[in-house]
Amino acid sequence: MSKVVDALSILLVLGASLAFAVGVAALGERRDLSAIYWLAVGGLVLRAAVELLRPRSGAR
Amino acid sequence: MSELGAAHGAERARPHSPAKANGAGALRALRDRMHTVLPGLYAWLTTVALPSVNHSAPSSARVTAFFALLALLAAPLFAGARPWLGRALGIFGFIGCSLLTWLLLGSALVRNPGDPVLSALGAVAFTLYALGWGSLRRRGVVPEDAPNVILGAPLQPRLRPHPIAPFVFGLILVSALVPVFLAFRVVEAERGLFAHAVAILAAILTITVGARVATGLGQPRELPASAERLNAAAVPLALLALLFGLGFLWLVVR
């Protein structure tokens, strides 16, 4: 189970950086709404990776 | 002490002329701070001196560029005896005079002949210069020889990193740098500045989380039950699902 969590967290971090890259590229192409969308997706994916690794004590 | 050592000691004790001693001391100080002087010199040459020698550059910019060089070279001389003065000259003096030069250059700065490759290399040199002013262990000094070290058996690390951890971190590092490179493709100045800021923030966040992921690989951890873990990640996952739903709706409507 631990290996699955490790693999999932790696995929989430890589996915977050991909979303950030798409967001920055959209920013350069003057697609502001798309840029905001992808940057928000990147932030949330990164947040999910953190929560998956170390859930908050309050949630336990 | 051996004879050779005694001879060297006698040679060291032999009085030198004050000018020669000062010169040798200055050279030694420069050599000791080579990790800051060399990148600083490169950064100054590529980003400050080169634009300042243009025909269109104002004389005031050349003067401030010269002062920046003076501050850069004078900082190591004071770093030993008066560290606060050395840091003030090296950090505030050098960076401040460089900034002033760029401000005075105005539009002449854009016509830098080596731009943008030299400017990018200069930015890297400025980064190395900034890192060089951090606290570094001097060459040859063993930390365990310090008087405050607690004697005893060396402490062993509790956990060892997983063999693939460096590769995972390298992969995450490369992926985190992709937005930074993409930001250079933004043409408009204001938009480009914002893109750079966003890209750097994204890279910092990705590398921070990535480092945590890489160091935690394969480590025995006591994870709570699946339901509790899902509860912990529920809010970001729900927001993510909402965003994906909105994105899908947007694609359909458009």
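Details of the structure are given in the entry above.
A few points on the structure. These numbers were taken from a predicted model, which means no experiment stands behind them.

1. Brief notes about the overall build of chain A
Looking only at helices and strands, one finds 2 helices and 0 strands in chain A. Buried positions account for 52% of the 60 residues belonging to chain A. Summing over all exposed atoms, chain A offers an accessible surface of approximately 2,900 Å²; the carbon and sulfur share of this is 67%.

2. Looking at the packing of aromatic side chains
By the definition in use, this model includes 6 aromatic pairs over all chains. With a centroid separation of 5.3 Å and 80 degrees between ring planes, the pair formed by Tyr37(A) and Trp38(A) is classed as edge-to-face. Linked through ring pairs, Phe94(B), Trp102(B), Phe126(B), Tyr129(B) and Trp133(B) together constitute an aromatic cluster.

3. Brief notes about the interface of chain A and chain B
Accessible area lost during the coming together of the parts is what is often quoted as the interface size. Of the residues lining the interface, 38 residues belong to chain A; the matching set on chain B comes to 43 residues. Taken together, both faces of the contact between chain A and chain B bury some 3,600 Å²; the carbon and sulfur share is 75%. Here chain A and chain B share 2 salt bridges between them. For Arg191(B), the salt bridge identified is with Asp32(A), shortest N-O distance 2.6 Å. At the junction of chain A with chain B, the criterion picks out 5 residue pairs in polar contact (both at pLDDT 80 or more). Going through the elements one at a time, helix H1 (2–28) and helix H2 (32–53) of chain A are the ones with two or more residues in the side of chain A that touches chain B.

4. Some points on helix H10 (residues 234–253) of chain B
All names here are of chain B. The first and last C-alpha atoms of H10 sit 28 Å apart over 20 residues, in line with the 28 Å expected at 1.5 Å per residue. For H10, the set of buried residues is Pro236, Leu240, Leu243 and Gly247. The buried residues of H10 occupy an angular sector of 65 degrees when the element is viewed end-on, so they sit on one face. Of the residues in H10, the exposed ones pointing more than 90 degrees away from the buried face are Leu242, Phe248, Leu249, Val252 and Val253.

Rules of the game
- Residues numbered from 1 in each chain as written.
- Chains lettered and ligands numbered in written order.
- Predicted model: local features only at pLDDT ≥ 70, side-chain atom pairs only at ≥ 80, totals over all residues.
- Heavy atoms only, no water.
- Helix = DSSP H or I, 4+ residues; strand = E, 2+ residues; numbered from the N terminus.
- Buried < 20%, exposed > 50% of the residue type's maximum accessible area, 1.4 Å probe, protein only.
- Areas by Shrake-Rupley, 256 points an atom, 1.4 Å probe, with all protein chains shown as cover.
- Phe/Tyr/Trp six-rings, centres within 6.5 Å; stacked < 30°, edge-to-face > 60°.
- Contact = heavy atoms within 4.5 Å.
- Buried area = accessible area lost by both parts, 1.4 Å probe.
- Salt bridge = Lys/Arg side-chain N within 4 Å of Asp/Glu carboxyl O.
- Polar contact = N/O pair within 3.5 Å; in protein donor to acceptor, adjacent residues only side chain to side chain.
- Expected span 1.5 Å × (residues − 1).
- Arc of directions from axis to C-beta.

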